[in-house]
Amino acid sequence: MNPKPNIQNLLEKESFSHDELVTLLSVDKAEQELIFEKASQVKQNTVGNKVYLRGLVEYSNICTKNCLYCGVRSGNKNIRRYRLTENEVLEAAQFVLDHHFGSMVIQGGELSSTQNTRRIGQLVTKIKQLSQGKIGITLSMGEQSRETYRYWFECGAHRYLLRIETSNPDLYKKIHPMDTFHSFEKRLQALDDLRNEGFQVGTGVMIGLPFQTNDDLANDLEFFKNFDIDMIGMGPYIEHKNTPLYQYKDLLLPPLDRFYLSLKMLALLRITMPDINIAATTAMETIHPRGKILALQTGANVMMPNITPLKYRDDYLLYEGKPHINEESQLILDHLIQDISAIHCEIGWDNWGDSRHFFYRHYENKEIDPNP
Ligand code: SF4
């Protein structure tokens, strides 16, 4: 029988084998603190204590896809579909500008019509005009053609989030409808296309899915590294009763265990990819009231306060129990500022807060600070 590995010694290493990652993901409560401490040190020594804000606009819940875990899937007839008007998006952009966030994220369901492509491109262009180029724009609009990505990049978007959800193709098939419209290979191709069109590329996974193992999660961490990803947004899987995956709810870990497993993933990600951007996601906060702050202390350096007009927030529930759906953007921001200063972090006001990893891949001189 192999002796139990010493976690402290393991954490002295700069990289981990697959089996070591599985071991680290499986440690108990006492030992997981060692991982969190190590990740916190790595974060301090690489990206520092700055937190970058992106105002999150949930642009539309109209989606042609039917992912089996998602509350806004096309098959869910129990929600009101919406799309923000151009004015509403520009007002949100003005809020970002007035409050010195530096960046915004425009997120919406996947639509590939020419009309939608144009509409998004025009929005990006107008936000750039309104802010005289000051607002950095991240898009999250699903899988699109390479031409669409190119067009949106040319309009001025420079970061894109497209979550892989799991790097295990078999598990991917279990959480998506079995058709060519929901293809793992297409998702990989889209990530490649984004990279080749010049975007800073973000992805992520759900943690604690039914049928998922620690072996899968270790593979996810290795996938991020092998793909040389620039930014990650990941968090616990949270079930939604109006989805097919809900039938497997009895297979799930208790919510708090899913939360701590997610925190371990986040910490290991910071240790293995020290200079990427990592978001403290809303799903973390859905399970644990201090989830986002614990994520920041453990390795995250990006937060995305929701600035979607209040009247739409109820209708963008990818999962249930989402916090802040009745809270004004200003109030969310006030709480965030207090929480961030309480843990001695600093907000990178008026800064795009780009991924250092992206810059270091392009410019070999590591003395250049992409976020001065
Ligand atoms: S996860 Fe994204 S692509 Fe899938 S149904 Fe939900 S919004 Fe659409």
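Heads up: the structure comes first, above all this text.
Residues numbered from 1 in each chain as written. Predicted model: local features only at pLDDT ≥ 70, side-chain atom pairs only at ≥ 80, totals over all residues.

> Quick question: what am I supposed to make of the overall build of the protein here?
Within the protein, the regular secondary structure consists of 15 helices and 11 strands. A compact globule built from 372 residues should have a C-alpha radius of gyration of about 21 Å, and the protein, at 20 Å, falls within 12% of that. Its C-alpha atoms put the protein at 65 × 50 × 40 Å along the principal axes. Among the 372 residues that make up the protein, the fraction classed as buried is 45%. Expressed as a percentage of contacts within the protein between residues at least 6 apart in sequence, the contacts between residues at least 24 apart total 78%. (Helix = DSSP H or I, 4+ residues; strand = E, 2+ residues; numbered from the N terminus. Rg over C-alpha atoms; globule rule 2.2 N^0.38 Å. Buried ≥ 20, exposed ≤ 12 C-beta atoms within 10 Å, placed from the backbone. Contact = placed C-beta atoms within 7 Å.)

> How should I be thinking about the pairing of strand β2 (residues 102-108) in this particular structure?
Put simply, side chains in a regular strand alternate between the two faces of the sheet. Counting buried positions along β2 yields seven of seven residues, so the element is predominantly enclosed. The pairing of strand β1 (residues 50-60) with β2 spans seven bridges and is parallel. The residue bridging leucine 53 from the neighbouring strand is glycine 102, located in β2. The parallel pair β1 and β2, bridged by helix α4 (residues 86-98), forms a crossover whose chirality is right-handed. Across five bridges, β2 lies against strand β3 (residues 136-140) in parallel orientation. Looking at β3, one finds that serine 103 is bridged to glycine 136. (Pairing = 2+ DSSP bridges. Right-handed = clockwise from strand over helix to strand, strands pointing away.)

> What should I look at first to understand the packing of helix α3 (residues 29-46) against helix α10 (residues 255-272) in this one?
Contact pair α3 / α10: the axes reach a minimum separation of 8 Å and the direction vectors enclose 40°. With respect to α10, the axis of α3 lies oblique. Two packed elements cross with a definite hand, and for α3 against α10 that hand is left-handed. Contact with α3, carried on its side by Gln32, Ile35, Phe36, Lys38, Ala39, Val42 and Lys43, involves Tyr260, Leu263, Lys264, Ala267, Leu268, Arg270 and Ile271 of α10 and no other residues of that element. Its residues assigned to classes, the contact of α3 with α10 shows nine nonpolar, one polar and four charged. (Axes fitted to C-alpha atoms, helices over the stretch in contact; angles between N-to-C directions. Parallel < 35°, antiparallel > 145°, perpendicular 65-115°, else oblique. Left-handed = near helix turned anticlockwise from the far one by under 90°. Nonpolar A, V, L, I, M, F, W, Y, C, P; charged D, E, K, R; others polar.)

> Could you clarify how one ought to interpret the site of the ligand in this entry?
The local shell around the ligand consists of Cys63, Lys65, Cys67, Cys70, Val72, Arg73, Gly109, Glu110, Gly142 and Leu318. The residue makeup of the shell around the ligand, split by class, is five nonpolar, two polar and three charged. (Near = placed C-beta within 6 Å.)

> Please clarify how the environment of isoleucine 332 should be interpreted in this entry.
Relative to the helices and strands, isoleucine 332 is located in helix α14 (residues 329-342). Here isoleucine 332 falls in the partly exposed class, since 17 other C-beta atoms lie within 10 Å of it. Considered as a pair, isoleucine 332 and threonine 23 are 309 residues apart in the sequence and their alpha carbons are 38 Å apart. Among all residues touching isoleucine 332, those that are not within four sequence positions of it are Pro305, Asn306, His324 and Glu327.

Honestly, that's just the spatial picture; any functional story needs more than this.
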